Amino acid sequence: MSQFLDPLLIMALALNFVALGVSRIRAVINAIALQGFLLGIIPLFLHPDIDIRGIVLVAVTIALKGFVIPAFLVHAMRGADIQHEVNPVVNFMSSVLLGAIGTGLALAFSYTLPLLEEHTNLLLVPVALSTVWAGFLMLTTRKKAINQVLGYLLLENGIFLFGLLLLDAIPFLVEVGVLLDLFTAVFVMGIIIYHISREFSSIGTENLSELKE
Amino acid sequence: MNTLVNNTIHILLAVLLPPLLLGVINRTKAIFAGRNGPPLLQPYYDLIRLFQKGSVFSTTTTWVFRAGPVVGLVTAAIAVLFVPLVNSTAPISFKGDMILFAYLLGLSRFFTTSAALDTGSPFEGMGAAREVTFACLAEPALFMGLLVLARLSGRLELARMLGDSMASNWTTSGAALALVLLSWFIVLLVENCRIPFDDPNTHLELTMIHEVMVLDHSGPALGMILYGAALKLFIFGALIVRLAFPITTSSAWLDWPIFVLGMLIVTVVIGIVESTTARLKMTHIPILLVASCLLSGFGIILLVR
Amino acid sequence: MSEWLVLMGAVIVGASGFPGLLFRRSALAGQWLTTLLAVFGAGLGLMGVCWFVRTGETHAIVRDWLPQGIRLNVAVDGLSAIFLVPVFLISLLGSIYGLGYWKQTEHQENGRALRLFYGLLAGSMAFIVLARNGYLFLFAWEIMALSAFFLVTTEDDKPDVREAGWIYLVATRMATVFLFALFALLHTASGSFKLFALTESNSNVTPGMATAIFLLALGGFGIKMGIMPLHVWLPSAHATAPSHVSAIMSGVILKMGVYGLVRVTSLLPNPPLAWGAIVLALGAVSGVLGVALAVGQRDLKRLLAYSSIENIGIIMMGLGLALIGRSLGRPDWVILGMAGCLLHVCNHALFKGLMFFCAGSVIHGTGTREIDSLGGLAKLMPWTALCFIIGSVAICGLPPLNSFVSEFFIYLGLFDTLVDTSKPSFAVAGLAAAALALIGALAVACFVKAYGAVFLGTARSEHSRHAHESPLSMLGPMGVLAGGCLVIGLAPSLIAPALVSGIVTWAPNVADVGGRLAALAPLPWISIMGCGLVAGLWLGWSVLSSRLRSNVVEHASTWGCGYIAPNTRMQYTSSSFAQMLVDLFAWALHPRTHRPTPFPLFPQQTDFRTEVPDVMLDQAMLPTFHFVARLFTWLRFLQQGNVQIYLLYIFLVLVALLLWP
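Please read all numbers here as calculations on a predicted model, not as lab measurements.

Caption draft 1: Just the interface of chain A and chain B, in detail. Contact residues are listed per partner, giving 18 residues for chain A and 11 residues for chain B. Counting each side, the surface lost to burial between chain A and chain B is near 1300 Å², with a carbon and sulfur contribution of 81%. In terms of surface lost to chain B, no three residues of chain A exceed Ile10, Met93 and Leu107 of chain A, which account for 32% of the buried area on that side. At the surface where chain A touches chain B, the tally comes to zero salt bridges. Across the chain A-chain B interface, the total number found is zero residue pairs in polar contact (both at pLDDT 80 or more). Counting only elements with at least two residues in the side of chain A that touches chain B, the list comes to helix H1 (2–21) and helix H4 (92–110) of chain A. Among the elements that take part in the side of chain A that touches chain B, H4 of chain A stands out by supplying seven residues, more than any other. Split by residue class, the side of chain A that touches chain B holds 13 nonpolar, four polar and one charged.

Here it is as structure tokens:
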């Protein structure tokens, strides 16, 4: 089964770099949506003897990560009327290179983790850690609030991927917990973006520092 | 089929096919744009016409200006002898020949850019500067792809690296090969000056890279440049075809048409990519090239871990 | 026999400058005598080397020389032979070059001193390579370092020359300190100063001591070689010295550092894997950053100096590969790595010497080193332009010239580390192959910029409008070196025996080096392809010429996009050519830009300047030294300037010594 798993994980990894390297926000949303879709179908390959509960979960994941949340974000983007991240704290080339370094470190680090026998040679753990790192990078170095939300989504994708390892042990709980977490975060972030944009007529978060007085 | 016949067909294809590839790309772009487009054999007519025309040389130029087209053509002609078109044979094959292959392309780049600087015009200087910069980022991607192929095949001859074992390698290490394929496709686009790196149809010197370097050439020299560029496209296309369609049938008479078909498919894909994407902003091109290096790099890491 | 020839050659070359002191400073006779002696001595030395490579026989010359049992112990072996070739060849050609470049009648105040120290430098370097005991090695090393200092500060009336000489002196002092410690450790480990004593009584070397020896050698010889980050003395020293001095510094002095490191690593037969990895990584970093710094330079000789750092990086990569091969027990990697390292030593001496001679020719013809004041020199100095383009193609490692062969060896070795999956492997070395590809591409960018901005296009200033070609005494050595590059590139099998004897000396436990090298690297194929390439180029050129002859050819000026009054300032300058690359590497290069400030109302004249200073020197080392100097200022209270206080100090020290148990 891993022969189909590897290309999917590689595509998910490549999408990390697309998210880090492009400035058009619509393209980043598309990349994260596609990554969510891929993550949704990975459980089918990871655990071939899946029951009806699992299939429903897969369908819900794909719908949420691949379609609903991106649509919500596109709506927010249109509402705030921005298209590009112009000047991030770390420029795009450096973000891509930092993401690459993080991926390399994740690969090295995943060998030292105490995993189960069948999980040690999978690409899953390195790709998960790398996605977490890429999401963290986006969260901390982008100035536009929507990009920070996208970074948080990327982070959640990484955690979801890591949680797939536990699918056998705790089939239902992990997924629902993660997705609920995700939904709440997007909800809260959406409300915050609305308020920021209403208050400052832009969603540049550097203006938030004016509130410290 | 014995080697002499194979090599003869190899050389015949390398001499006759390249301008047709340019014609196919132009036709594909025209179809996408809703036009009829030029005839498929138009590049051949262009070449014949150019070789019969007179030339104008700038008074600023030296012998380097005339040497640029010659070096470009001769190095491409020698490089094509290393690339295997069907199964694992090429007319010239020895251990480490892929390094000579890559460095022959480097030699052609040296003289093409020097010829561009020879005219003393700011436009050519601009094109030369961009060309050498993007090549700096494309060379490591090419070499990392070669490293992946060397590891998979265990051989150091280009003909053997892209040889018979390719089909079985796809089933065992498909992910790594897919990464190399994507990375080498990006290298093809940048080395042959296609969109999204360079627009071969633009008329604005400020946006050209390759076209502006050949702005002052005319007549037979320009014909040599055109043919050399077509040959380079043939070389890189052949690499992609061997990587993507490693089909070897039992009959050699079937292999050659399959190769030509593969080349035409790759050319049509290039035309589609050119028609559907826009040229990247100049500062974003290095990011895409670094990404292609990273793709190949991950291919190596996948194989080595 | 060979060792006597080399020894005599070294002594004659070393002493060649002394007779010139006896002549008047306004006469050329002294210069001719010195040059003849130097040529004769170097010729003897080269004959000795050829004799050795031909016959392979060697005996040590051991004489009692100084009291306390310190002896003169010299011998020629495989490694020495390879390193002697650059020493004698470049000094020979440099002396001939000096006839035209630094004529006594034009440089009366420093000409004789220059030739004196030039001879001393060449002679001392030959002794370094011949020395078989630590005393002689260090003695010759010191003479080399000091001669080089005096050569660098030949034109000491200029402030930048004095500053370059000062930085060089500090660096070479530090290197000598490391070397003293190194030889002291070797003496402790082996019990004598004989250089090979360590291999004979190897059991005394603990791993800790071996690591200390390696690190001291890397530090001391590394400063001399110019590995990053220890390279800070190189650019200014090579830029401000006279060009034939820069040629011998870049072509030979750096190789003395390489020789030292190669020799010390040959003494320790079981290196841990970390050493080879460190050397490989340092080589890759030096290579990439060296050529990236070179791309940003506006001074022709600084550019060539940084390019030397790049080539030393490539040499280190070969040595690192050989060390890794030795640790993991892979003789293939040892052979390929050392073959690449040693061949690149010779190749670099050839083409860097050529490039510095060409730069000297440009300076002789135009009077300036600044690339952006030159341009269009190919029409006024055609032979220099031809030699420069041959040198540039050689530096970039392009076929059919010599550097391609040495990089070919290193590439084959690096690819091999990835290909073999069975035995213990070091697959990460394969990424060094990608770094080498990046180095090659950056070198192409750098030298297209140098050649294009200096020789092509139109003249940018008065300097280059009135340039003249150099005399035959300068063109001759350039032609010889260019021919050497071509010969080694087209017929590398000629130098294979010398490489084999060098590898056998470094790694005596590898069997059948010659046969294995022939099996690993298909040198005849390279010759065939090189000749095929040359033949193809000649064919293509004749086809184009015949087509041009049969059609109409007109001449006009370069198309300027319809601009009515084009001028030469509109050409692309060297800094604009390099701008995109410098921006890509701005994280390492820290370029400085001086921008014009916006004007209030009326237009005014201003300027725009960019430069790439040496980031290691300006932002790391100088601030550190200033900080340390400030720390020491609190000791100033001891310097009162009062004689009574100083007498009190002497009294206190005497008391302390008396109380010492």
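After that view of the structure, there is still more to cover.
Caption draft 2: View of the interface of chain C and chain B. Contacts between the two partners involve 71 residues from chain C and, on the opposite side, 77 residues from chain B. Summing both partners gives a buried area of about 6500 Å² for chain C against chain B, and 79% of it is carried by carbon and sulfur. Per-residue buried area on chain C facing chain B is highest for Phe415, Tyr572 and Met580 of chain C; these three make up 10% of the total on that side. Where chain C meets chain B, there are zero salt bridges. Counting across the chain C and chain B interface gives 17 residue pairs in polar contact (both at pLDDT 80 or more). Breaking the side of chain C that touches chain B down by element, the ones donating at least two residues are helix H14 (377–380), helix H15 (382–395), helix H16 (402–419), helix H17 (429–455), helix H21 (513–520), helix H22 (523–550), strand S3 (553–556) and helix H23 (574–584) of chain C. In the side of chain C that touches chain B, the residues fall into 50 nonpolar, 17 polar and four charged. Strand direction decides the pairing type here: strand S1 (residues 55–58) of chain B and S3 of chain C, joined by four bridges, are parallel. Across the sheet, Ser58 of chain B pairs through a bridge with Ala556 of chain C, a residue of S3 of chain C.

Caption draft 3: Main features of the packing of helix H6 (residues 122–153) of chain B against H23 of chain C. At a minimum axis separation of 7 Å, H6 of chain B and H23 of chain C run at an interaxial angle of 30°. Regarding the angle of H6 of chain B to H23 of chain C, the classification is roughly parallel. With respect to the hand of their crossing, H6 of chain B and H23 of chain C are arranged in right-handed fashion. In contact with Gly125, Ala128, Ala129, Arg130, Val132, Thr133, Phe134, Cys136 and Leu137 of chain B of H6 of chain B, H23 of chain C contributes Phe577, Met580, Leu581 and Leu584 of chain C. The class makeup of the residues in the contact of H6 of chain B with H23 of chain C is 10 nonpolar, two polar and one charged.

Caption draft 4: Representation of the packing of aromatic side chains in the model. Per the counting criterion, the structure on display carries 30 aromatic pairs over all chains. Arranged with centres 5.7 Å apart and planes meeting at 40°, the rings of Phe17 of chain A and Phe298 of chain B form a pair that is tilted. Remark: Phe298 of chain B occurs in helix H13 (residues 285–304) and Phe17 of chain A occurs in helix H1; the pair is interchain, linking two chains. Overall, Phe17 of chain A belongs to the buried group, its relative accessible area being 12%. Through pairs of rings, three or more aromatic residues link up here, namely Tyr103 and Phe143 of chain B together with Phe404, Phe408, Tyr411 and Phe415 of chain C. Between Arg66 of chain B and the ring centre of Phe57 of chain B, over which it is positioned, the NZ or CZ distance is 4.1 Å.

Caption draft 5: Representation of the layout of surface pockets. Considering only enclosed or pocket space, the largest pocket measures out at about 1800 Å³ in volume. If you trace the largest pocket, you find 48 residues lining it, with Met93 and Leu97 of chain A, Leu137 and Val290 of chain B together with Trp587 of chain C closest to the centre. Contributing elements (two or more residues each) for the lining of the largest pocket: H4 of chain A, H6 and H13 of chain B together with helix H11 (273–295), H17, H23 and helix H24 (586–589) of chain C. For the lining of the largest pocket, the element with the highest residue contribution is H13 of chain B, accounting for eight residues. In this structure, the second largest pocket is lined by 40 residues; those nearest its centre are Val18 and Val22 of chain A together with Ile186, Leu288 and Ala291 of chain B. By residue number, the principal contributor to the lining of the second largest pocket is H1 of chain A, which donates eight residues. Residues of the lining of the second largest pocket, tallied by class, amount to 30 nonpolar, seven polar and three charged.

Caption draft 6: Up close: the pattern of salt bridges. Residues and elements named next belong to chain B. Counting across every chain of the model gives 16 salt bridges over all chains. Across the salt bridge formed by Lys232 and Glu191, the nearest N and O atoms sit 3.3 Å from each other. Of this pair, Lys232 sits in helix H11 (residues 219–244) while Glu191 sits in helix H9 (residues 174–191), placing them 41 residues apart in sequence. For Glu191, a relative accessible area of 8% puts it in the buried group. Here the residues in one salt-bridge network are Lys29, Arg194 and Glu274, joined through shared partners.

Caption draft 7: Up close: a nonpolar patch on the surface. All names here are of chain C. Together, Phe627, Val628, Leu631, Phe632, Trp634, Leu635, Phe637 and Leu638 make up a nonpolar patch on the protein surface, roughly 810 Å² of accessible area in all. Here Trp634 lies in the loop between helix H25 (615–632) and helix H26 (643–659). Residue classification places Trp634 among the exposed positions, given a relative accessible area of 57%.

Caption draft 8: Structural detail: the environment of Phe117 of chain C. All names here are of chain C. Note on placement: Phe117 falls in helix H4 (residues 111–130). Overall, Phe117 belongs to the buried group, its relative accessible area being 18%. On a C-alpha basis, the gap between Phe117 and Ala491 in space is 35 Å, while along the polypeptide they are 374 residues apart. Once you skip the residues sitting within four places of it in the chain, Phe117 turns out to touch Ser147, Phe150 and Leu151.

Cut-offs used in this document
Residues numbered from 1 in each chain as written. Chains lettered and ligands numbered in written order. Predicted model: local features only at pLDDT ≥ 70, side-chain atom pairs only at ≥ 80, totals over all residues. Heavy atoms only, no water. Contact = heavy atoms within 4.5 Å. Buried area = accessible area lost by both parts, 1.4 Å probe. Salt bridge = Lys/Arg side-chain N within 4 Å of Asp/Glu carboxyl O. Polar contact = N/O pair within 3.5 Å; in protein donor to acceptor, adjacent residues only side chain to side chain. Helix = DSSP H or I, 4+ residues; strand = E, 2+ residues; numbered from the N terminus. Nonpolar A, V, L, I, M, F, W, Y, C, P; charged D, E, K, R; others polar. Pairing = 2+ DSSP bridges. Axes fitted to C-alpha atoms, helices over the stretch in contact; angles between N-to-C directions. Parallel < 35°, antiparallel > 145°, perpendicular 65-115°, else oblique. Left-handed = near helix turned anticlockwise from the far one by under 90°. Phe/Tyr/Trp six-rings, centres within 6.5 Å; stacked < 30°, edge-to-face > 60°. Buried < 20%, exposed > 50% of the residue type's maximum accessible area, 1.4 Å probe, protein only. Lys NZ or Arg CZ within 6 Å of the ring centre and 35° of its normal. 1 Å grid on protein atoms, 1.4 Å probe; cavity = no way out; pocket = protein on both sides within 12 Å on 5 of 7 lines; lining within 4 Å. Points joined across faces, edges and corners; volume = space filled by probe spheres on them. Patch = residues over 30% accessible without salt bridge, like charges linked within 9 Å, V, L, I, M, F, W, Y side chains within 5 Å. Areas by Shrake-Rupley, 256 points an atom, 1.4 Å probe, with all protein chains shown as cover.

All we've got here are geometric facts, nothing functional implied.
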